[in-house]
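# Examining the three-dimensional arrangement
Read off the chains here:
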Amino acid sequence: MSHLQTFQVFPLLPEPLSFLEVLSRNLWWCWNINAIELFRRINPRLWNMAGRNPIVFLTLIPQERLEELSKDESYLAHLKRIKEQFKSRVLEPLVDSKTSYERKEPIAYFSMEYGIHESLPLFAGGLGVLAGDHLKAASDMNIPLIAVGLLYHHGYFRQFLDQDGWQQEEYPETDLYHLPLERVKDPAGKPVTVMIDGPNGNIHAIVWKIMVGRIPLFLLDTNTPENPPDIRDITSTLYAGEQSQRLAQEILLGIGGIRALESMGIHPPVCHMNEGHSAFSGLERLAQTMSKHQVDLKTAWEIVPRTTVFTTHTPVAAGHDEFPPDLVRPYLASFENRLGVSADKVISWGQPLQTGPEGLLSMFVLGLRMAQHRNGVSALHGKVARNMWSHVWPGRPKDEVPISHITNGIHIPSWISIENALLFERYIGPDWQWQKWNEDFAQRIDQVYDEELWRAREMSRSRLIRTCRELMVKQYARRNAPKAMMENAESVLDQDILTIAFARRFATYKRAGLLLKDQERLEALINSETHPVQFIFSGKAHPKDNEGKEMIKRLIEFARKPSVRQRVAFIEDYDIYVARYLVQGADVWLNTPRRPLEASGTSGMKAAVNGVLNVSILDGWWDEGYSEERGWKIGSGEEYPDSDYQDSIDSQALFNVLENDVIPCFYDRKNGNIPEQWLRMMKASIKMAMTIFSARLMLEKYEKQFYQPALKQYQLLREKHAEIARKWVSKHERIYSLWKDIHVGRPVSGTEGPFHAGEAFQVTTEVRLGELLPDEVEVELYHGSLKSMDIIDESNIEKMSVIKDRGDGNFLYGCTLECRSSGRYGFTARVTPKGDDWIRFIPGLITWA
């Protein structure tokens with residue numbers, strides 16, 4: 001219908017209830033149990049019907065009910081409490097916050113997806129949920145963060161299964177009127193728009209804002225009448241399958257995101273790229289830095305990387321986006337003038353060494369080269385990333401590749417069960433979620449009565465089973481299932497038996513089918529008369545991942561067997577809503593990735609804080625979190641090159657740990673009492689999650705290791721018209737041009753061995769520096785225990801100092817090497833540039849003896 005004019009009518013809230021509209025338009029409510037209850041108690045059935053979306057929900061409430069609530073003293077008292085909390089936690093600064101910044105310039109956080117609540121469909125999985133928890137924790141801690149993303153009109157796909165158990169996808173359109181969106185305006189009050197050069201003309205984007213507590217989330221949207229249909233579709237779906245559309249999304253996120261902030265008058269001193277999708281932001285920052293500070297490109301290169309943080313979440317090289325140069329080149333036309341270099345030169349910044357001019361542009365490599373501060377998301381993942389990308393720093397030992405790690409954490413108030421939250425309020429204090437964890441809190445968890453904690457566990461499990469039945473009935477109804485099958489769904493699962501959950505993306509490496517390798521043994525576990533077990537599975541396969549879809553189909557076929565169908569369930573359309581019930585209600589959280597392919601994984605942390613015990617391969621976060629009093633490990637961290645053999649070994653280990661340890665522990669009820677050992681492990685699990693794996697602790701580490709050092713660098717480098725940055729350019733160029741003249745002689749010891757532990761000896765080496773001076777380089781003795789005849793297992797460094805100046809740029813260097821313990825060792829010498837990490841780790845600038 002042409003020329004159709006649309007408008008939206010919202011409910012007329014009585015004045016005493018007017019705060020409900022304010023609250024509904026800030027996602028702060030979604031991680032505050034009492035704020036959620038303020039909406040839910042109005043009408044619990046309608047709350048669920050509205051998808052727990054307060055904007056939709058308020059449109060469904062009859063006006064009479066609103067008038068009734070406006071006179072309900074109990075409800076108004078509840079509303080007043082939430083309003084006061086909202087004022088203190090969102091509208092007012094935290095004056096006592098030790099992490100608060102005395103500045104107005106925010107950190108800009110870029111992510112392709114944000115998983116904040118199920119009513120905001122801007123996420124696909126763990127990366128987005130982690131980003132959402134990052135924003136929530138920043139809000140709680142009063143960290144001045146702003147976030148940038150894209151507004152997807154169809155989001156990620158909704159999953160449903162056909163009669164055969166094969167995954168189908170649908171992409172329902174999101175009604176923007178049902179989201180707490182606000183058009184962004186510039187300082188002059190005009191709506192902000194962004195324009196980018198594209199291969200087929202200009203790309204126009206409008207900018208929306210959603211408030212996540214204190215944190216503004218800015219979302220770019222190309223679905224505007226100024227654009228032709230193909231450009232409007234850029235922000236249609238998350239992770240578009242077609243390569244050119246995927247590239248357009250990442251151009252829009254990175255370049256468009258920085259331009260949007262500039263249009264609002266925001267010039268973030270520090271940028272944090274959550275994965276490589278936003279790596280193009282570095283190009284726009286270089287151009288803006290040149291313009292704003294009147295510096296050349298070389299000087300901008302000394303500023304931008306030092307103020308950029310890059311976090312990688314992907315431990316598989318194939319998981320990173322790569323684009324052909326011909327596809328990228330049209331987007332870079334304007335940068336040729338702004339940066340003063342060719343588009344091919346810009347593309348080369350994202351090409352791995354030795355790939356040539358037609359090599360693919362890697363978003364990961366571009367991200368690495370645009371950032372000094374780089375990290376993986378667990379200790380093991382940091383090691384994997386250093387190994388995987390060591391070729392970017394040729395000559396560097398793998399353990400010295402400059403990619404560190406900060407292990408992911410979870411925003412605990414978003415994932416805690418109502419029952420556990422009430423226990424924490426009673427034993428820790430009413431403001432437990434706002435306080436920094438301390439050892440006193442751990443002691444208070446130990447003081448929780450076992451009977452209370454077990455009752456909370458039983459209530460959470462009961463709620464999970466009830467929800468699974470409701471969802472199963474809806475699934476079968478959608479397929480027009482027979483009456484008998486519908487009745488079966490109404491009674492599936494048992495509220496009183498050991499419940500094991502497996503819920504995650506159905507990627508091949510996550511091995512959802514590990515249990516199916518021995519179906520006879522699995523059925524025996526499920527149907528035990530004395531120690532029965534039930535399993536709940538949930539998760540989506542990528543639309544193009546037929547192996548993952550086949551795995552779901554195999555699980556469905558097994559779950560339909562008459563012998564197990566009452567104790568095995570697959571819940572469709574896994575999202576934050578389903579995840580919340582699973583991490584709160586299961587007894588065991590099962591994780592079976594093929595080590596070391598799980599970067600971190602956070603679902604197990606969410607389960608742990610609810611007292612759910614982890615049974616997992618030693619991968620990702622569990623490689624750090626595991627101890628025998630907190631949960632169980634599958635195997636001992638073995639890695640085999642033959643994946644089939646690995647799966648066979650791990651499957652046997654999984655069944656062994658279930659049969660010999662997990663199940664007996666759960667059913668160890670002396671005299672029919674509660675499982676005391678299980679409860680001790682529950683308490684240890686809760687303490688672990690709160691002390692080690694909270695988003696608050698994660699943010700504190702980002703602040704200390706990255707944000708604050710990067711901010712100091714920014715403030716230093718922009719002073720006096722970027723005087724220090726210009727000096728760094730001169731130093732950089734001098735070192736680079738003269739490095740070829742360096743030569744390091746073979747180091748020699750002043751004393752012949754063998755040696756005994758506790759002894760020491762001197763090592764010297766002749767070094768030719770040419771025109772470089774000793775204070776411009778570091779000469780180091782590189783030593784350690786031998787892995788083989790010529791490979792050092794773990795590197796150790798001793799700085800060498802000048803013993804004698806032999807003239808003409810030749811020096812004798814030396815140091816003392818202590819023999820701390822017995823074994824076979826080796827040493828050699830090397831020269832690296834002296835300076836901060838951006839200088840020290842210039843790729844290729846390392847010379848060995």
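For the structure itself, consult the block above.
Residues numbered from 1 in each chain as written. Predicted model: local features only at pLDDT ≥ 70, side-chain atom pairs only at ≥ 80, totals over all residues. Heavy atoms only, no water.

## Some words on the sheet that holds strand β18 (residues 588–591)
If you walk across this open sheet you meet the six strands as β17-β16-β15-β18-β19-β20, and the pairing is parallel. Strand pairing shows two members of the sheet lacking a second neighbour, β17 (568–571) and β20 (631–634), which therefore form its edges. Sheet twist, expressed as the average angle between the axes of neighbouring strands with direction ignored, equals 20 degrees. Taken together, the four bridges between β18 and strand β19 (residues 613–617) define a ladder with parallel strand orientation. Each residue of the ladder has a partner; that of Trp589, found in β19, is Asn614. (Pairing = 2+ DSSP bridges. Helix = DSSP H or I, 4+ residues; strand = E, 2+ residues; numbered from the N terminus. Axes fitted to C-alpha atoms, helices over the stretch in contact; angles between N-to-C directions.)

## Describing helix α23 (residues 546–559)
With 14 residues, α23 extends 20 Å from end C-alpha to end C-alpha; this agrees with the ideal 20 Å at 1.5 Å per step. Within the sequence span of α23, burial applies to Gly548, Lys549, Met551, Ile552, Lys553, Leu555, Ile556, Phe558 and Ala559. On its buried face, α23 is in contact with β3 (158–161), β4 (167–170), α22 (519–526), β16 (533–538) and β17. The opening residue of α23 is Asp545, an N-cap whose side-chain oxygen sits 3.3 Å from the backbone nitrogen of Glu547. (Expected span 1.5 Å × (residues − 1). Buried < 20%, exposed > 50% of the residue type's maximum accessible area, 1.4 Å probe, protein only. Contact = heavy atoms within 4.5 Å. Polar contact = N/O pair within 3.5 Å; in protein donor to acceptor, adjacent residues only side chain to side chain.)

## Quick notes on the packing of helix α20 (residues 450–478) against helix α21 (residues 483–490)
Put simply, α20 and α21 touch, their axes get as near as 8 Å, and they point 165 degrees apart. By the angle class used here, α20 and α21 are roughly antiparallel. Viewed along their axes, α20 and α21 form a crossing whose handedness is right-handed. In this structure, α20 contributes Arg469, Met472, Val473, Tyr476 and Ala477 to the contact, and α21 contributes Met485, Met486, Ala489 and Glu490. Looking at the contact of α20 with α21 residue by residue, the classes come out as seven nonpolar, no polar and two charged. (Parallel < 35°, antiparallel > 145°, perpendicular 65-115°, else oblique. Left-handed = near helix turned anticlockwise from the far one by under 90°. Nonpolar A, V, L, I, M, F, W, Y, C, P; charged D, E, K, R; others polar.)

## Some points on empty space enclosed by the protein
Enumeration according to the criterion identifies nine cavities of 30 Å³ or more in this entry. Of the volumes computed, that of the largest cavity is approximately 90 Å³. Around the largest cavity, the lining residues are Phe10, Pro11, Leu13, Glu21, Ser24, Arg25, Ile55, Leu58 and Thr59. For the lining of the largest cavity, the elements supplying multiple residues, two or more each, are α1 (19–24) and α4 (54–60). Per element, the largest residue contribution to the lining of the largest cavity is three residues, and it comes from α4. (1 Å grid on protein atoms, 1.4 Å probe; cavity = no way out; pocket = protein on both sides within 12 Å on 5 of 7 lines; lining within 4 Å. Points joined across faces, edges and corners; volume = space filled by probe spheres on them.)

## Concerning the environment of Gly340
Considering the arrangement of structural elements, one finds Gly340 in the loop between α13 (333–339) and α14 (343–348). Judged by its relative accessible area of 60%, Gly340 falls in the exposed class. With 44 residues separating them along the chain, Gly340 and Asp296 place their C-alpha atoms 8.8 Å apart.

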